[in-house]
Amino acid sequence: MNKLALITDSSCDISQEFIQKHNIKIIPLRVCFSDKTFLDRVELTSLELYDKMKTEIPKTSLPSSESVMSVLDELKNDGFSDVLYVGVSSGLSGTYNFVKLIGEQYDGLNFYSFDTKTLSCGQGLLVKAAARMIEKECPVEDILSELQNIRNNMMAMFIVKDLTYLKKGGRIGKVAGTIGSLLKICPIVRVNDDGVYESSTKSLGFSRSLQMMIKEFENKFKGRNIIVSVVHGLEESLANSVLNKIKQFANVIDGDVIPVTAVLAVHTGPGLIGIIAHNA
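All of the points below concern the structure found in this document.

Calculation notes
Residues numbered from 1 in each chain as written. Predicted model: local features only at pLDDT ≥ 70, side-chain atom pairs only at ≥ 80, totals over all residues. Heavy atoms only, no water. Helix = DSSP H or I, 4+ residues; strand = E, 2+ residues; numbered from the N terminus. Expected span 1.5 Å × (residues − 1). Buried < 20%, exposed > 50% of the residue type's maximum accessible area, 1.4 Å probe, protein only. Arc of directions from axis to C-beta. Axes fitted to C-alpha atoms, helices over the stretch in contact; angles between N-to-C directions. Parallel < 35°, antiparallel > 145°, perpendicular 65-115°, else oblique. Left-handed = near helix turned anticlockwise from the far one by under 90°. Contact = heavy atoms within 4.5 Å. Nonpolar A, V, L, I, M, F, W, Y, C, P; charged D, E, K, R; others polar. Phe/Tyr/Trp six-rings, centres within 6.5 Å; stacked < 30°, edge-to-face > 60°. Lys NZ or Arg CZ within 6 Å of the ring centre and 35° of its normal. Pairing = 2+ DSSP bridges. Right-handed = clockwise from strand over helix to strand, strands pointing away. Salt bridge = Lys/Arg side-chain N within 4 Å of Asp/Glu carboxyl O. 1 Å grid on protein atoms, 1.4 Å probe; cavity = no way out; pocket = protein on both sides within 12 Å on 5 of 7 lines; lining within 4 Å. Points joined across faces, edges and corners; volume = space filled by probe spheres on them.

Comments concerning helix α10 (residues 236-247)
Residues that lie three or four places apart on an α-helix share one face, since the helix turns once every 3.6 residues.
Point 1. Relative to the 16 Å expected for twelve residues at 1.5 Å per residue, α10 spans 17 Å between its end C-alpha atoms, a close match to the ideal helical length.
Point 2. For α10, the full list of buried residues reads A239, V242, L243 and I246. Buried residues in α10, looked at end-on, bunch into an arc of 100°, giving them a common side.

Structure follows, in structure tokens:
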């Protein structure tokens, strides 16, 4: 009987408790300072990153081939026959295609992959859905089909207090960062169906944009059963407040507040609030 393992990469924001409970393997991306490179989640937390960013904004890098091979070797040695990789959007990082290439060439494992076309807690919600289906021993084809259904229904948006980090990291996409910074405009950034960033709505000021972002979710999910995550960068209290507001207009079947992982915090900086939700 085939035995299916689940892997993701460290662009996925998900609780450590869930990772351990469902035996999910995470391939770490790298955060590169001028004097040292850190493995995301393994050697560097987002809190540690924010402190280091006071003196230097680092770069990020794909996982090493050794990191990918190490995870696959471990799974093979543990008796797994099949592997499902639920990865960060190929439109935002080369990580997905890199891991997919290694996995498909790896001898001794049947390798399946799903491009989430999102990241952070959006990727996390898809990983959680896959883990629960694996626990029920669902066929991998059914899991892939359900992940696509969830992704088609998912809404993911975020705002940041400072666009500098998105601009410097080259992740700004269609977001008008320079003008926004000059005019103190705070764009609501959407992860679109192609898995890239685009500016959804613009408003003067962070608080006003936050209100507008919450309203977008109310318009889509009011009165519905939903699964939702709120991701934040040094804004835990505000993130909890946002989750409570969502609970006022929707029936939250599963909701959590998650700090953004270090490799993503490089591109957003402190002052991030993101909301990701889909129908339950």
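So much for the structure itself; the text now carries on.
Details of the packing of helix α3 (residues 65-77) against helix α4 (residues 95-105)
For any two helices packed against each other, the geometry comes down to the angle between their axes and how far apart the axes lie.
Point 1. Between α3 and α4, the least distance of the axes is 10 Å, while the angle of their chain directions is 50°. Here α3 lies oblique to α4, going by the angle between them. The two elements α3 and α4 meet at a crossing, and its hand is right-handed. Listed contacts from α4 to S65, V68, M69 and L72 of α3 are F98, V99, I102 and G103.
Point 2. Along the lines of polarity and charge, the residues of the contact of α3 with α4 split into six nonpolar, two polar and no charged.

Structural notes on the packing of aromatic side chains
Point 1. Counted by the stated rule, this structure contains five aromatic pairs.
Point 2. The interplanar angle of 35° and the centroid separation of 6.4 Å between the aromatic rings of Y85 and F111 together place this pair among those described as tilted. Residue Y85 is located in strand β6 (residues 82-87), and its partner F111 is located in strand β7 (residues 110-115); the two are separated by 26 residues in the primary sequence.
Point 3. Note on Y85: relative accessible area 0%, which makes it buried.
Point 4. Each ring, one from F158 and one from Y197, has its centre 5.2 Å from the other, and the planes form 70°; the classification is edge-to-face. With F158 in strand β8 (residues 155-160) and Y197 in strand β10 (residues 197-204), this residue pair connects regions lying 39 residues apart in the sequence.
Point 5. Among the residues examined, F158 registers a relative accessible area of 8% and is labelled buried.
Point 6. We classify Y197 as buried; its relative accessible area is 7%.
Point 7. Through pairs of rings, three or more aromatic residues link up here, namely Y85, Y96 and F111.
Point 8. Sitting over the ring of F80, K3 keeps its end group 4.5 Å from the ring centre.
Point 9. In this structure, K128 is placed above the aromatic ring of F18, and the distance from its NZ or CZ to the ring centre is 5.6 Å.

Quick look at the pairing of β6
Point 1. Of all six residues in β6, six are buried, a share of seventy percent or more.
Point 2. Pairing geometry for strand β1 (residues 4-9) and β6, over four bridges, is parallel. Each bridged residue has a counterpart across the sheet, and for I7 the counterpart in β6 is Y85.
Point 3. Here β6 runs beside β7; their pairing, made up of six bridges, is parallel. Paired with D82 across the strands is N110, a residue of β7.
Point 4. Traced from β6 through α4 to β7, the parallel crossover comes out right-handed.

Quick notes on the sheet that holds strand β11 (residues 225-233)
Point 1. Taken in spatial order, the six strands line up as β10-β9-β8-β13-β11-β12 in an open sheet, and their pairing is mixed. Edge positions in the open sheet fall to β10 and β12 (251-259), since each of these has one partner strand only. Across the sheet, the mean angle separating the axes of adjacent strands is 20° when strand polarity is ignored.
Point 2. By the bridge criterion, two bridges tie β8 to strand β9 (residues 185-191) in an arrangement that is antiparallel.

A short note on the pattern of salt bridges
Point 1. In total, this model carries nine salt bridges according to the counting rule given.
Point 2. Here K100 and E104 are joined by a salt bridge, their closest N and O atoms 3.1 Å apart. Of this pair, K100 and E104 both sit in helix α4, four residues apart, which is roughly one turn of the helix.
Point 3. By relative accessible area, which is 48% here, E104 ends up partly exposed.
Point 4. A salt bridge links E218 to K215, with the nearest nitrogen and oxygen atoms 3.6 Å apart. With E218 and K215 both in helix α9 (residues 206-221) and three residues apart, this pair spans about one turn of that helix.
Point 5. Three or more residues are tied together by salt bridges with common partners; here these are K128, R132, D254 and D256.

So, the layout of surface pockets
Point 1. Each pocket or cavity is described by its volume, and for the largest pocket that value is around 420 Å³.
Point 2. Breaking the lining of the largest pocket down by element, the ones donating at least two residues are α2 (46-52), β11 and β12.
Point 3. For the lining of the largest pocket, the per-class residue count stands at ten nonpolar, seven polar and four charged.

Looking at the sheet that holds strand β3 (residues 30-32)
Point 1. Read from one edge of the open sheet, three strands run β4-β3-β5, paired in antiparallel fashion. Single-partner strands in this sheet number two, and they are β4 (37-39) and β5 (59-61). Averaged over all adjacent pairs, the angle separating strand axes in this sheet is 25°, with direction ignored.
Point 2. Of the pairings in the sheet, the one linking β3 to β5 comprises three bridges and is antiparallel in character. Within β5, the residue paired with C32 across the bridge is K59.

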